[in-house]
Amino acid sequence: MPRRGLPLQGRVRWLFLGLFLLLVLLLFAYLLECTPPADVSLALPGLSGEAYGKEYYQALLQEQEERHLNRAASLKRQIAQLKQELQEMSEKLKLLQDKKEVSGTGHGLTETKDQEPGDLLEYLHSQIDKAEVTTGARLPSEYALVPFESFTSSKVYQLEMGLTRHPEEKPVRRDRRDELVEVIEAALDIINNPDEEDGVEDDMPMQRQTYTEGHFTEGLYRTERDKGTLYELFFAKEDSSSFRHVTLFRPFGPLMKVRSTSVETSGMIINIIVPLAGRVETFSQFLHNFREVCIQQDRRVHLTVVYFGQEGLQEARSSLEKMSSEESFSNYTLIPVDEEFSRGRGLDIGAHAWKKGDVLMFFCDVDIHFTPEFLNTCRLNAAQNKKVFYPVVFSLYNPAIVYGNLELAPATELQLIHKKDAGFWRDFGFGMTCQYRSDFLNIGGFDLEVKGWGVEDVHLYRKYLRSDLIVIRTPVSSLFHLWHEKQCADELTPEQYRMCIQSKAMNEASHSHLGMLVFREEIEAHLRKQAFKTQSKTED
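Let me sum up the structure you'll find in this document. (Residues numbered from 1 in each chain as written. Predicted model: local features only at pLDDT ≥ 70, side-chain atom pairs only at ≥ 80, totals over all residues. Heavy atoms only, no water.)

Some details on the overall build of the chain
So, point 1. The number of helices and strands found in the chain is 16 helices and 16 strands.
So, point 2. Counting all 540 residues of the chain, 41% fall into the buried class.
So, point 3. Counted over contacts in the chain with a minimum sequence separation of 6, partners at least 24 positions apart contribute 71%.
So, point 4. Accessible area for the chain stands at about 32300 Å²; split by element, carbon and sulfur atoms hold 55% of it. (Helix = DSSP H or I, 4+ residues; strand = E, 2+ residues; numbered from the N terminus. Buried < 20%, exposed > 50% of the residue type's maximum accessible area, 1.4 Å probe, protein only. Contact = heavy atoms within 4.5 Å. Areas by Shrake-Rupley, 256 points an atom, 1.4 Å probe, with all protein chains shown as cover.)

Structure follows, in structure tokens:
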């Protein structure tokens, strides 16, 4: 029986061969068109043996100029055409987004989280829903949280640095710089061309177009392997307490706008709560920093000191009264507690002592040094009933080791640098945090059964991770933990004692500095041998 499919297959092969030959001819024609024609008149006069006058060269230059002008005009037409096509595609995408928002009204996008997305736009929105943009994801432990990296216009502050990398990246590598520049430019475009949904009042158009890259203050970003990259950017005019907050998301695809809002910080009071027992000299140093930053530059703060015991209490009270008198500052509270020191208990007492409604609280230790920028970072990254902020502090090493080659360690202000041998990001510490009083009370506060050092901070942190609140954790360049000698008491539980010893070891010096101390005898022996060899050669 004859097979009818064979002639058909032969025709298909001939058809494909014809198409291939046609493509080859088109490509050849294109190359001939794009290749500049050979011009024998470009030969050097000395080689051709002919004499050419001035008019010939002027005509030749004019011909070349006209050719370049035509080429430039052609490229401009192509660029204009591409821009028009891009604009049309953007309008089509916006129409699709508008249709999706209209069709999703009343149903929400969260219903399609576990469903297979029907189109690209639905998939992108489902990725945004999973990225903790509007609500927090409940996590089993502190190890499950993916921290943010913070950045400015010139630096990126990163946690995962290992032994060979640095706590700050400057200059930023090219691929990351291009990515962040693109994000900043996209955010500026959103701010300067607000939509109705942005909630920006209708100002004059010329007044809107005022935000530039110079107004970018700080940003956060993190990439989760199964979701994408989330960006939080903040912009502010000079000497202004009003910030523009833009959230962007890149779900392994095009950059998408999530929201753009205004944040007014002028009325945001921060209640800085410091638990304290003894350490009078350190407290005086803390008050010096508090006076320069909080009183002389910000003034939207309240200081609450919860003091345990009687030893040093009068000195602490005198220091506060002196500061109040010299700076005309009365927004402070000293709460004496006749109990054994417990950090969690002190912070809990300080939180309950506030009787003026809700307030943003900063749980702080007496050996913390911060800048005016941190206060705004605290205000911008904590939101009532929505977000709590757990900054990662840059902890300074023992200055006696870091600056051991100097006769005297430099002043504290000169030690505040982000270098690998100067300090490290204290990513295992959860004591410094900005959160609203209402969120702290609703979550249940600290476990007051915990006494002494550590653990209670981790317990509170875990509570937030298991709630619907978003936990923002990122290295903060404006927050430093000053070195001080640690004492691990025998009364601590085995878990507390292990954590205290771990903190004490990591707090002394960098890996390279500790290595130099460990191998000091070997290094000195090597230097003696080298000195002996040099002396022997000199005598010979």
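Observations regarding the packing of helix H7 (residues 280-298) against helix H8 (residues 313-327)
So, point 1. Closest axis-to-axis distance for the H7/H8 pair is 10 Å, and the angle between their directions is 20°. With respect to H8, the axis of H7 lies roughly parallel. Crossing hand, H7 versus H8: right-handed. For the pair formed by H7 and H8, the contact residues are Val280, Phe283, Ser284, Leu287, Phe290, Arg291, Ile295 and Gln296 on the first element and Glu315, Ala316, Ser319, Leu320, Lys322, Met323, Glu326 and Glu327 on the second.
So, point 2. Looking at the contact of H7 with H8, its residues break down into 8 nonpolar, 3 polar and 5 charged. (Axes fitted to C-alpha atoms, helices over the stretch in contact; angles between N-to-C directions. Parallel < 35°, antiparallel > 145°, perpendicular 65-115°, else oblique. Left-handed = near helix turned anticlockwise from the far one by under 90°. Nonpolar A, V, L, I, M, F, W, Y, C, P; charged D, E, K, R; others polar.)

A short note on the side chain of Asn376
So, point 1. Mapped onto the elements of the fold, Asn376 is located in helix H10 (residues 372-381).
So, point 2. For Asn376, the residues in contact, after removing those within four places along its chain, are Phe243, Thr265 and Arg300.

A look at the state of the cysteines
So, point 1. What the rule picks out here adds up to 2 disulfides.
So, point 2. The disulfide partner of Cys378 is Cys434, and the S-S distance across this bridge is 2.2 Å. Here Cys378 and Cys434 share a disulfide; its torsion about the S-S bond, -125°, makes the bridge left-handed. Pair noted here: Cys378 is in helix H10 and Cys434 is in strand S15 (residues 433-436), with a separation of 56 residues, a long-range link.
So, point 3. Note on Cys434: relative accessible area 0%, which makes it buried. (Disulfide = S-S within 2.5 Å.)

Details of unusual backbone geometry
So, point 1. Residues other than glycine seldom take positive phi values, yet Asp239 does so here, at roughly 60°.
So, point 2. Relative to the assigned elements, Asp239 resides in the loop between strand S5 (228-236) and strand S6 (242-250).

Examining the environment of His215
So, point 1. In this fold, His215 is placed in the loop between helix H6 (205-208) and strand S4 (216-224).
So, point 2. With 20 residues separating them along the chain, His215 and Phe235 place their C-alpha atoms 5.3 Å apart.
So, point 3. In contact with His215, not counting residues within four places along its chain, are Thr210, Phe234, Phe235, Ala236 and Lys237.
So, point 4. Looking at His215, its side chain comes within polar contact range of the main-chain oxygen of Thr210, at 3.3 Å. (Polar contact = N/O pair within 3.5 Å; in protein donor to acceptor, adjacent residues only side chain to side chain.)

With respect to the packing of H7 against H10
So, point 1. Direction vectors running N to C along H7 and H10 enclose 75°, while the axes themselves pass 9 Å from each other. By the criterion of interaxial angle, the relationship of H7 to H10 is roughly perpendicular. Residue-level contacts link Val293, Cys294, Gln297 and Asp298 of H7 to Pro372, Leu375 and Arg379 of H10.
So, point 2. Grouping the amino acids of the contact of H7 with H10 by side-chain chemistry returns 4 nonpolar, 1 polar and 2 charged.

Quick look at the packing of aromatic side chains
So, point 1. Overall, the coordinates contain 23 aromatic pairs when judged by the stated rule.
So, point 2. By the ring-pair criterion, three or more aromatic residues cluster together here, those being Phe283, Phe286, Phe290, Phe329, Phe362, Phe370 and Phe374.
So, point 3. A cation over an aromatic ring shows up here: Lys356 above the ring of Trp354, its NZ or CZ 5.4 Å from the ring centre.
So, point 4. A cation sits over an aromatic face here: Arg473 above Tyr461, 5.8 Å from the ring centre. (Phe/Tyr/Trp six-rings, centres within 6.5 Å; stacked < 30°, edge-to-face > 60°. Lys NZ or Arg CZ within 6 Å of the ring centre and 35° of its normal.)

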